[in-house]
Amino acid sequence: MTIIINSLEILDANGTSLSDSIANFKKGSQSNYQEYLIDPVKNLIKFDVPMTNEDLDQQLSEFNFKEHYMPRTVKMATLVALRATAGLTLPKNTVVIGSTLEGSSDVKGEIWNSFNNNKSKASPRSCATCTASTVCTTVSRTLGISGPSFMITQACSGFITALDLATKFLNSNTAEVVLIVAVDSTQPINGYMFRSMGVYTPTIVRPFDTNRSGMALGEGAACYVLTKEKHAQRQV
């Protein structure tokens, strides 16, 4: 039985939706927003982000999402999941597989700051939302589904692992629909890690150039809705 992509939504530095991301990528245009992050480490260059925090909250409000206190990573994942599943009838046992490298680094940073400053405790809300699993559980809760929901924390191979697991869920008839939600947001610690490994450019990215000096980071999120072809024809 053929497994197909029933729906797809992308949010990345090229645009605020799948359609304008593709259009901007083809034109080779600049990202919608560029944001400098304050960091004690010198020479960390700017990060490309798809939208400001204010725009992100406004887009989520259109879906009646009210948990605006959630970390940016979680909100980006939730937005693409809401867009990708709009108009679809999801079975209750729909599986959500999340993929991320760092998860909510911004919240983890707040907790570490509290710890290093010898505070008696960190914000309870920060502690409750700092884990990577907050991404998939928030997506499941927001969409009203109760199937298996878990995260894969890998770097470049994360999506391939998620796709392999999604295929197994579908081929075994354990689920009719699987969502793969991949997300990462740019935080100073990400740039610090890659710079420490000597792979982060101090200037600009020059792919395939003999004078290239390294990579740079951008942020984004994507949601794939996977199902068997017979189910997709019934739902769309």
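Residues numbered from 1 in each chain as written. Predicted model: local features only at pLDDT ≥ 70, side-chain atom pairs only at ≥ 80, totals over all residues. Heavy atoms only, no water.

What follows deals with the overall build of the protein. When helices and strands are counted, the protein shows 9 helices and 7 strands. For the protein, the proportion of contacts with a sequence separation of at least 24, taken over those separated by at least 6, is 69%. (Helix = DSSP H or I, 4+ residues; strand = E, 2+ residues; numbered from the N terminus. Contact = heavy atoms within 4.5 Å.)

Turning our eyes to something else, we now look at the environment of Ala166. Relative to the helices and strands, Ala166 is located in helix H7 (residues 158-171). For the pair Ala166 and Val178, spaced 12 residues apart in sequence, the C-alpha separation works out to 6.0 Å. The contacts of Ala166, once residues within four sequence positions are left out, are Ile97, Val178, Ile180 and Leu226.

Turning our attention to the sheet that holds strand E7 (residues 220-228). Spatially, the 5 strands line up as an open sheet ordered E1-E7-E6-E4-E5, and their pairing is mixed. Edge positions in the sheet fall to strand E1 (3-12) and strand E5 (149-153), since each of these pairs with one other strand and no more. Sheet twist, expressed as the average angle between the axes of neighbouring strands with direction ignored, equals 15°. Its contacts with the sheet place H7 against E1, strand E4 (95-100), E5, strand E6 (177-184) and E7, and it is angled at close to 170° to E6. (Pairing = 2+ DSSP bridges. Axes fitted to C-alpha atoms, helices over the stretch in contact; angles between N-to-C directions.)

As a further point, take the environment of Leu60. Inspection of the secondary structure puts Leu60 in helix H2 (residues 53-61). On the basis of relative accessible area, Leu60 is assigned to the buried category, the value being 0%. Separated by 20 residues in the primary sequence, Leu60 and Val80 place their C-alpha atoms 9.7 Å from one another. When residues no more than four places from it in sequence are discounted, the contact partners of Leu60 are Phe65, His68, Lys75, Thr78, Leu79 and Leu82. (Buried < 20%, exposed > 50% of the residue type's maximum accessible area, 1.4 Å probe, protein only.)

Turning our eyes to something else, we now look at the packing of H2 against helix H3 (residues 72-85). The contact between H2 and H3 brings their axes to 10 Å, and the two run at 40°. Taken together, H2 and H3 sit at an angle that is classed as oblique. For the pair H2 and H3, the crossing hand works out as left-handed. On the side of H2, the interface is formed by Asn53, Leu56, Asp57, Gln59 and Leu60, while H3 contributes Arg72, Lys75, Met76, Thr78, Leu79, Leu82 and Arg83. Tallied by class, residues from the contact of H2 with H3 come to 5 nonpolar, 3 polar and 4 charged. (Parallel < 35°, antiparallel > 145°, perpendicular 65-115°, else oblique. Left-handed = near helix turned anticlockwise from the far one by under 90°. Nonpolar A, V, L, I, M, F, W, Y, C, P; charged D, E, K, R; others polar.)

What follows is about the pattern of salt bridges. A full pass over the atoms with the stated rule returns 5 salt bridges. Asp57 is the partner of Lys75 in a salt bridge, and the nearest nitrogen-oxygen pair spans 2.8 Å. Linking Lys75 in helix H3 with Asp57 in helix H2, this pair joins segments that are 18 residues apart in sequence. We note a salt bridge from Arg141 to Glu67, for which the minimum N-O separation is 2.7 Å. In this pair, Arg141 is assigned in helix H6 (residues 133-143) and Glu67 in the loop between H2 and H3, connecting sequence segments 74 residues apart. (Salt bridge = Lys/Arg side-chain N within 4 Å of Asp/Glu carboxyl O.)

To continue, consider the packing of H3 against H6. At their nearest, the axes of H3 and H6 sit 9 Å apart, and the two run at 40° to each other. The angle between H3 and H6 falls in the class oblique. Classified by chirality, the crossing of H6 by H3 is right-handed. Two secondary-structure elements touch here, H3 through Thr73, Val74, Ala77, Thr78, Ala81, Leu82 and Thr85 and H6 through Thr134, Val135, Thr138, Val139, Thr142 and Leu143.

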